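# Commentary on secondary and tertiary structure
One-letter residues, chain by chain:
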Amino acid sequence: MQQAEKLSKLNFFLDDVKVNDKNFHLRLGANFPIISDIYQKLYAYSPHKEEAFELLMLSLVKNFEERSALQKKRDLTRVANPNWYSSEKIVGMMLYVDLFDTDFNGLKEKIPYLRNLGINTVHLMPFLDVPEFENDGGYAVRNYREVNPKFGTMKDFEALVKEFQKNDMNLIMDFVLNHCADQHQWAVEARKGNPKYKDFFYFFPDRNLPNAYERTMIEIFPDTSPGNFTYLPESDQWVMTLFYGYQWDLNYKNPMVLVEMIDTMLFWSNKGIDIFRLDAVAFMWKEIGKFSQNLPEVHLLLQLFKLCGQIVAPGVGYIAEAIVAPEEIIKYFGEGLAQGDECDIAYNANFMALSWEALATGNTNLLKKSMNAVPKKPRNTTWINYARCHDDIGLGFDDKLVTELGLDSLQHRLYILKHYCDGFNGSFALGQRFMIEHETGNARISGSMAALCGFEKAMKENNENEFQLAIKRINLQHAVILSLGGLPMIYSGDEVALPNNYDYLNDESKKYDNRWLHRSKMNWSLVENIKDTPSAEALVYKRLKQLIEIRKQTPAFADSNDLEYIDYENTHLLVYKKTDNKDVVYVIANFSGFDTFFESSLFANLNGNKLFNLLTESEMEINEKNFISAYDVLWLRE
Ligand code: OTU
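Now for a quick tour of the structure. (Residues numbered from 1 in each chain as written. Predicted model: local features only at pLDDT ≥ 70, side-chain atom pairs only at ≥ 80, totals over all residues. Heavy atoms only, no water.)

Bringing the environment of G406 into the picture now. Structurally, G406 can be placed in the loop between α18 (399-404) and α19 (409-421). The sequence separation of G406 and S525 amounts to 119 residues, and the corresponding C-alpha distance is 48 Å. (Helix = DSSP H or I, 4+ residues; strand = E, 2+ residues; numbered from the N terminus.)

Attention now goes to the pairing of strand β8 (residues 229-232). Strand direction decides the pairing type here: β8 and strand β9 (residues 237-240), joined by four bridges, are antiparallel. Paired with F229 across the two strands is M240, which belongs to β9. Taking the residues between adjacent antiparallel strands as the criterion, β8 and β9 are bridged by four residues, where D236 takes a positive phi near 50 degrees. (Pairing = 2+ DSSP bridges.)

Strands sit in the order β7-β9-β8 across an open sheet of three strands; the sheet is antiparallel. With one partner strand each, in any of the chains shown, β7 (203-204) and β8 form the two edges of the open sheet.

All right, on to the sheet that holds strand β1 (residues 92-95) then. Here eight strands make up a closed barrel; going around it, the order is β1-β2-β5-β11-β12-β13-β14-β17 and the pairing parallel. On average, each strand axis in the sheet is tilted by 25 degrees relative to the strand beside it, whichever way the strands run. As defined by bridge partners, strand β14 (residues 382-385) adjoins strand β17 (residues 487-491) across two bridges and the pair is classed as parallel. Counterpart to N385 in the pairing with β17 is P488. (Axes fitted to C-alpha atoms, helices over the stretch in contact; angles between N-to-C directions.)

Any two packed helices are characterised by the angle at which their axes cross and by the distance between the axes. In the contact formed by helix α22 (residues 464-481) and helix α24 (residues 536-552), the axes pass within 10 Å of each other and the chain directions differ by 25 degrees. The orientation of α22 relative to α24 falls into the category roughly parallel. Considering the relative orientation of α22 and α24, their crossing is right-handed. Along the contact surface, α22 presents F467, I471, K472, I474, N475, H478 and A479, while α24 presents A536, L539, V540, R543, L544 and L547. Here the contact of α22 with α24 is composed, by residue class, of nine nonpolar, two polar and two charged. (Parallel < 35°, antiparallel > 145°, perpendicular 65-115°, else oblique. Left-handed = near helix turned anticlockwise from the far one by under 90°. Contact = heavy atoms within 4.5 Å. Nonpolar A, V, L, I, M, F, W, Y, C, P; charged D, E, K, R; others polar.)

Right, let's talk about the nonpolar core for a bit. By size, the foremost hydrophobic cluster in this structure holds 215 residues, and its most contacted members are F127, F157, F201, Y252 and W635. Among the elements that make up this core, the one with the highest residue count is helix α14 (residues 296-312) (ten residues). Not counting residues within four places of it along the chain, the set of residues in contact with Y252 comprises Y43, L177, Y202, V257, L258, M261, M284, W285, L301 and F305. I566, Y568, L573 and I628 belong to the second-largest nonpolar core, a separate cluster that totals 16 residues. (Core = buried A, V, L, I, M, F, W, Y, C linked by side-chain atoms within 4.5 Å. Buried < 20%, exposed > 50% of the residue type's maximum accessible area, 1.4 Å probe, protein only.)

Our focus in this paragraph is the pairing of strand β2 (residues 121-124). Taking every second residue as pointing to the same face, both faces of β2 are buried, with T121 and H123 on one and V122 and L124 on the other. Here β1 runs beside β2; their pairing, made up of four bridges, is parallel. By the bridge assignment for β2, M94 is matched with H123.

Glancing now at the site of the ligand. The environment of the ligand is made up of 19 residues, and the closest members are D136, H179, D279, E321 and D391. Contacts to the ligand include E321, whose side-chain N or O atom sits 2.7 Å from an oxygen atom. At 2.9 Å, a side-chain N or O of H390 approaches an oxygen atom of the ligand. With the chains in place, 94% of the 490 Å² that the ligand exposes on its own is no longer accessible. (Near = heavy atom within 4 Å. Polar contact = N/O pair within 3.5 Å; in protein donor to acceptor, adjacent residues only side chain to side chain. Areas by Shrake-Rupley, 256 points an atom, 1.4 Å probe, with all protein chains shown as cover.)

Another point: unusual backbone geometry. Of note, T102 is a non-glycine position whose phi angle comes to about 60 degrees, a positive value. Tracing the backbone shows T102 in the loop between α6 (97-101) and α7 (104-109). Classification of T102 by relative accessible area gives partly exposed; the value is 48%.

Within the fold, E54 resides in helix α4 (residues 49-66). Under the relative-accessibility criterion, E54 is labelled partly exposed at 29%. Sequence-wise, E54 and F424 are 370 residues apart; in three dimensions their C-alpha atoms are separated by 61 Å.

Moving on: the pattern of salt bridges. One pass over the structure, following the stated rule, counts 37 salt bridges. A salt bridge links R515 to D136, with the nearest nitrogen and oxygen atoms 2.9 Å apart. Taken as a pair, R515 in the loop between β17 and α23 (524-529) and D136 in the loop between β3 (128-129) and β4 (143-147) lie far apart in primary sequence, 379 residues in all. You'll find R515 and D136 in the same group, each marked buried. As a salt-bridge pair, K578 and D562 come within 2.8 Å of each other at their nearest N and O atoms. Taken together, the positions of K578 in strand β19 (residues 573-580) and D562 in the loop between α24 and β18 (563-565) put the pair 16 residues apart, joining distant regions of the chain. Residue K578 is classed as buried on the basis of its relative accessible area, which comes to 0%. Owing to a relative accessible area of 14%, D562 belongs among the buried residues under this scheme. (Salt bridge = Lys/Arg side-chain N within 4 Å of Asp/Glu carboxyl O.)

Let's shift gears to the packing of aromatic side chains. Tallied over the entire structure, the rule returns 47 aromatic pairs. A centroid spacing of 5.9 Å and a plane angle of 70 degrees characterise the contact between F32 and F53, whose relative ring orientation is edge-to-face. In this pair, F32 is assigned in helix α3 (residues 22-43) and F53 in helix α4, connecting sequence segments 21 residues apart. Like F32, the residue F53 is buried in the burial classification. Its guanidinium or amino end placed over the ring of F428, R473 lies 3.6 Å from that ring's centre, counting from NZ or CZ. (Phe/Tyr/Trp six-rings, centres within 6.5 Å; stacked < 30°, edge-to-face > 60°. Lys NZ or Arg CZ within 6 Å of the ring centre and 35° of its normal.)

As a further point, take helix α10 (residues 185-192). Helical periodicity: at 3.6 residues per turn, an α-helix aligns residues three or four positions apart in one direction. Among the residues making up α10, those that are buried are W186, A187, E189 and A190. For α10, the arc enclosing every buried residue in end-on projection is 160 degrees, short of the 170-degree limit, so these residues lie on one face. One or two positions beyond α10, positive phi appears at G193, with a value near 100 degrees. (Arc of directions from axis to C-beta.)

One pass over the structure, following the stated rule, counts zero disulfides. Looking at C389, it has no disulfide partner, and the nearest cysteine sulfur is the one in C453, 14 Å off. For C389, a relative accessible area of 8% corresponds to the buried category. (Disulfide = S-S within 2.5 Å.)

Pasting the structure below:
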């Protein structure tokens, strides 16, 4: 058979397939035409296209054969319940293995702690083998098939997975697929001049093409790693490195890279990963003359990852980590013909940034306006709702919307920065600027939840009144992400209000990156005290635990495209309504430091004059005017 013809003939590949599983054949048969079509679009001109395609098909067969019977059973249960990741029962926490508790075994021991808080889904920060010093918190992988030996052995990891499954918990793996470490074997070979592996990266003999690329590219770490290319003096060449210089961008224009990475993903699927967080996906394809983010080819690549994943491990979910404009984020859920066949989950980054904006200004206008402008996402997809994570907060809101509110978009950002980073106007926050743009002064923000909400400052000043307000701000952030619908993701440490960690400045390998400010070692002594002492941390913990419990009993908080923002003129308040069949819950959140009122008119069909307050478990009489205190949140069932 002609090579080109082979690409579109499933039977050719199936001749050798001894897999005796009807479902596998059905899924392969259904997805094959789409896979080969997308593949042709991307690789029609690649000299390796036939070889790589054959390897891809073999990888699907091999990985399916290696998938355990238990996992195949779990797959089928999940396929029958495609919304499992957007149920009100799901609550996530993201954590670093070593910062949380030393290693995989330590984490295993702490499963009862997680369960007790109500966590049943854990996003493990990168846990693969990385170089000791230059690894960007694990985001520079040296070996995709080995775990970080500091965290234990593969056996320990497998035991951890088993324990997670026994406890009905889901595991999210951070899959760093845009780049690998400059010490990865592929990079080592490429440095030596091995042409096969040079083609795994973007190499250039001089600055001509790098200059051409950079004309339309942004810089991700302009302060500490300017430019998008790194010079290799030993061979007088340049290699593409969008992030740090030691993170080499993988060249997905070479289909051999795609095959390797899909095979790697399937390998980890078989280890029992429930959901992959696909890191930095927006940057996976670069073109000279184009703004090399969110290019159409990125979507084709992600569709291939998902389609192949679905053939082998159809119960697995995919998160797109694309912290980009909302109209771009939404595309990662799939669009056009392949709608729904891209990622299942994406980060609600826009809401996250705007919640901090609202907390700084005490005004929810921009948040409301922006949320109403977000395009509707497809069914069966969901958001990760979060307030803090291991990264900075980028003030990435839409300039046009800011301007429409009569504000200057740069001045508005500078004001927010002053609020969070300079203690401006008596501000409660202790954040710091991350990656300052020197011409404009614009920046991103680092700092822990407790530092940004005033808890750390109250602690330093031992100010009781400020403590109460800070606890309410943290509670507000948590109450909102737990009620928006979608997968709420708590950042480990926030449940006990961990302050900033200033020690990173003493560590040579971290001091250039102040995102370490909010990556602290868990303080277990705070947890031990929760039961006995009425400490401020214990209050934060107890409130969060209560919020989680109530969320899980509230079907309206599941995500099924039923979130409605209520247009209500009080600028301090954010009001939204969550509906699930007959369960209707109003959330009223006061983002300001002022006590204020809301009127009965904001409820559409008030039956009688009472609503049920889920958080106090009591009826609330609704009058014409109703009091809500500074930073308070109400969950009111109709
Ligand atoms: C991700 O973030 C990770 O979350 C970071 O911790 C890593 O450093 C980075 O990738 C490299 O692996 O630039 O400042 O959407 O916002 O992908 C964080 C684009 C980042 C970026 C995001 C990236």
